[in-house]
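Structural characterization, general
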Amino acid sequence: MTTPFRRRDPQPIARGWEMAVAAVGGALIAVALAALAGLGLASALWGGGWVWPQGTETISHVLGGLLSGDPGRGLPPNQLARVARPVPVYACVAAAELVLLTAAVITAVLVARHRRPGDARGGMATRREAEQALGLRQLRAGRAVIRPDRYPSRGSRGRLHRLLSIGGNAIRGRLHRSVPTTTSRSTSPAPSTQAPPVRTVKENPR
């Protein structure tokens, strides 16, 4: 008995939910790294020096301390002594998260502008790019080809003028033939005003 053939997906990560999970996971990792960078920056500026947790377990404890209002919890004693006070720590953490959010928004806008699928404007040049590539004189010289609806060529103008003149002459000719002239009315014979002769009937003698 043979097993049925199963087609392998050449791109197993192309499914929608997998991309969403990867995006959410990457965002959480970036937020955690930004918070740790804020803690280290505050300790370097207002504390005893730069601190950075070592190991996944230590990182989770430090992040839990930041969320619970106890910055530096989970760090070894030699690094805990260098941690700054809570106010500068949370100020630096907020600044780091704001920088991360700004970078994410700018990246998303650039990707949506240049990598948007099905956007017909992606391959079209802007007005400034076309002017730089062709020049204003070249654009004016080729305006009949670029926008023939607004700038028709001389040949098309002549043909249009001839068509309009022929159509006007035909319409005027039809109107001239359909309207009766006054000369035809004057030359028509007038009706006779003489009364017809009266015939008398002879009476037969009885």
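Here, the structure is the one placed above.
Just so it is clear, the structure is predicted and the values come from calculations on it, not from any experiment.

Things to note about the overall build of the chain
When helices and strands are counted, the chain shows nine helices and zero strands. For the chain, the N- to C-terminal ordering of α and β elements is α-α-α-α-α-α-α-α-α. Going through the 206 residues of the chain one by one, you find that 15% of them count as buried. Counting contacts in the chain only where the partners sit at least 6 residues apart, residues at least 24 apart contribute 49% of the total. As displayed, the chain has an accessible area near 18000 Å², and 61% of this comes from carbon and sulfur atoms.

Notes on the side chain of Gln79
Note that Gln79 resides in helix H3 (residues 77–80). By relative accessible area, which is 13% here, Gln79 ends up buried. Beyond its immediate chain neighbours, meaning those up to four positions away, Gln79 contacts Val51, Trp52 and Pro53.

Describing the packing of aromatic side chains
Counted by the stated rule, this structure contains one aromatic pair. Measuring from centroid to centroid gives 6.2 Å for Trp50 and Trp52, while their planes differ by 5°, and the two rings are stacked.

Focus: a nonpolar patch on the surface
Among the surface-exposed residues, Leu41, Leu45, Trp46 and Trp50 lie close enough to one another that they form a single nonpolar patch of about 480 Å² accessible area. Classification of Leu41 as partly exposed rests on a relative accessible area of 40%.

Re the environment of Trp52
Locating Trp52 in the fold gives a position in the loop between helix H1 (16–46) and helix H2 (56–68). For Trp52 and Leu39, which are 13 residues apart along the polypeptide, the C-alpha to C-alpha distance reads 8.2 Å. Leaving out residues up to four positions away in the same chain, Trp52 has contacts with Leu33, Leu36, Ala37 and Gln79.

Focus on the side chain of Thr58
Relative to the helices and strands, Thr58 is located in helix H2. What Thr58 contacts, discounting residues up to four positions off in sequence, is Pro53 and Gly74.

Here we look at H2
For H2, which comprises 13 residues, the first-to-last C-alpha distance of 18 Å matches the rise-based estimate of 18 Å (1.5 Å per residue) to within 8%. Residues of H2 that are buried include every one of Thr58, Val62, Gly65 and Leu66, and no others. Down the axis of H2, the buried side of the element spans an arc of 100°, and every buried residue falls inside it. The exposed residues of H2 that point more than 90 degrees off its buried face are Thr56, Glu57 and Leu67. Positive phi appears at Gly69, one or two residues downstream of H2, with a value of about 90°.

Quick notes on helix H5 (residues 127–134)
The element H5 is barely covered by neighbouring structure, given that only zero of its eight residues are classed as buried. Positive backbone phi, at 90°, marks Gly135, one or two positions downstream of H5.

Concerning the nonpolar core
Membership of the largest hydrophobic core comes to 13 residues, with the highest contact counts inside it found for Leu39, Val62, Val83 and Val89. Elements with a contribution of two residues or more to this core: H1, H2 and helix H4 (86–114). It is H1 that provides the largest number of residues to this core, a total of four residues. Once you skip the residues sitting within four places of it in the chain, Leu39 turns out to touch Val51, Val62, Pro71, Val83, Val89 and Val93.

Cut-off values and rules
Residues numbered from 1 in each chain as written. Predicted model: local features only at pLDDT ≥ 70, side-chain atom pairs only at ≥ 80, totals over all residues. Heavy atoms only, no water. Helix = DSSP H or I, 4+ residues; strand = E, 2+ residues; numbered from the N terminus. Buried < 20%, exposed > 50% of the residue type's maximum accessible area, 1.4 Å probe, protein only. Contact = heavy atoms within 4.5 Å. Areas by Shrake-Rupley, 256 points an atom, 1.4 Å probe, with all protein chains shown as cover. Phe/Tyr/Trp six-rings, centres within 6.5 Å; stacked < 30°, edge-to-face > 60°. Patch = residues over 30% accessible without salt bridge, like charges linked within 9 Å, V, L, I, M, F, W, Y side chains within 5 Å. Salt bridge = Lys/Arg side-chain N within 4 Å of Asp/Glu carboxyl O. Expected span 1.5 Å × (residues − 1). Arc of directions from axis to C-beta. Core = buried A, V, L, I, M, F, W, Y, C linked by side-chain atoms within 4.5 Å.

Honestly, it's all geometry; don't read function into it.
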